[in-house]
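Each chain, letter by letter, is given below.
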Amino acid sequence: GINAEYGEFLNYYTNYYYKSNLRMSLNPLANPKGVKLLCELCQKPAYLQCTSCRVTYYCSEEHQKVDWIGIHEKICSLLLPLRTPLPLVSSEEERKHRQEQLLQRQKQMIDMTRTEGSKLLFEGAHEAAVPAALQALRFSIAVYGLSSVELVPAYLVLGEASIGLGRLSQAEESNAAYGAANLVMLLHTLAMLHCHLMGYTCHKQGGLC
């Protein structure tokens, strides 16, 4: 997972959360033996559950708040049918129909989360863009597999968010993880990130490149 240092971001958005009267209820979990639930953001063991969708888990209230602001508020009601195992059906035709429905929903989630991540980047909310990018990446992997070029946009959002936060090593890791599967697209992605990084550096220095 991505080890984020939330700091000022958490303080700012926690205040925003309370001022906006958002209600994000949590259930404390006592995980049964042999059941391993992981935090939506960092993939560490989870002990809290979203009480709305009941299929999303967190290691702490801080991570839940970050995820809520970044993307979960918009997709909470959509996650239950996507994370619930398909029921047994009597015919092969019905099974294929339900698989097609699931695939269509997953593709819609890719578009929604990727668009939201890009929007947050444009607004300068780099930390908030991370949860949206992670969701886009997860759904892209589920639909297209680990070696597909369809993963590049999600990795780009993660990389640009890391650049915006000054976490250049994480930006490189985002691309290296993808590049192990596809060297050509890795080079393309790194080239794009290099351009963004150079532009960002020049902007910070107030000079021309």
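Below, the structure is looked at part by part. Note that the coordinates shown come from a computational prediction; the quantities given were computed from them, not determined experimentally. (Residues numbered from 1 in each chain as written. Predicted model: local features only at pLDDT ≥ 70, side-chain atom pairs only at ≥ 80, totals over all residues. Heavy atoms only, no water.)

Quick word on the overall build of the protein
Assigned secondary structure in the protein consists of seven helices and three strands. Reading the protein from its N end, one meets helices and strands in the order α-β-β-β-α-α-α-α-α-α. A total of 209 residues make up the protein; the buried ones form 41% of that total. Counting every atom, the protein has about 12100 Å² of accessible surface; 55% of that belongs to carbon and sulfur. (Helix = DSSP H or I, 4+ residues; strand = E, 2+ residues; numbered from the N terminus. Buried < 20%, exposed > 50% of the residue type's maximum accessible area, 1.4 Å probe, protein only. Areas by Shrake-Rupley, 256 points an atom, 1.4 Å probe, with all protein chains shown as cover.)

As for the nonpolar core
Judged by nonpolar contacts, the single largest core of 21 residues is most densely connected at Leu137 and Leu158. Those elements that place two or more of their residues in this core are helix H3 (92–122), helix H4 (126–144) and helix H5 (152–164). When residues in this core are grouped by element, the largest group, seven residues, is from H4. Judged by nonpolar contacts, the second largest core, of 14 residues, contains Cys50, Val55, Met109 and Ile110. (Core = buried A, V, L, I, M, F, W, Y, C linked by side-chain atoms within 4.5 Å.)

Observations regarding the side chain of Asp67
Examined against the element boundaries, Asp67 turns out to sit in helix H2 (residues 61–83). Look at Asp67: it is buried, it has no salt bridge, and the nearest opposite charge is Arg138 at 6.3 Å. Apart from the residues within four sequence positions on either side, Asp67 is in contact with Glu40, Leu41, Thr56, Tyr58, His72 and Pro131. (Lys, Arg positive; Asp, Glu negative; His and termini not counted. Salt bridge = Lys/Arg side-chain N within 4 Å of Asp/Glu carboxyl O. Contact = heavy atoms within 4.5 Å.)

Examining the pattern of salt bridges
Taken as a whole and judged by the stated rule, the model has seven salt bridges. Where Lys74 meets Glu116, a salt bridge forms, and the shortest distance between an N and an O atom there is 3.5 Å. Here Lys74, found in helix H2, pairs with Glu116, found in helix H3; they are 42 residues apart in sequence, far enough to count as distant. Exposure remark for Glu116: the relative accessible area of 10% places this residue in the buried category. A salt bridge links Arg95 to Glu92, with the shortest nitrogen-to-oxygen separation between them at 2.4 Å. Pair noted here: Arg95 and Glu92 are both in helix H3, with a separation of three residues, about one helical turn. Connected through salt bridges with shared partners, the residues Glu40, Arg83 and Arg138 form a single ionic network.

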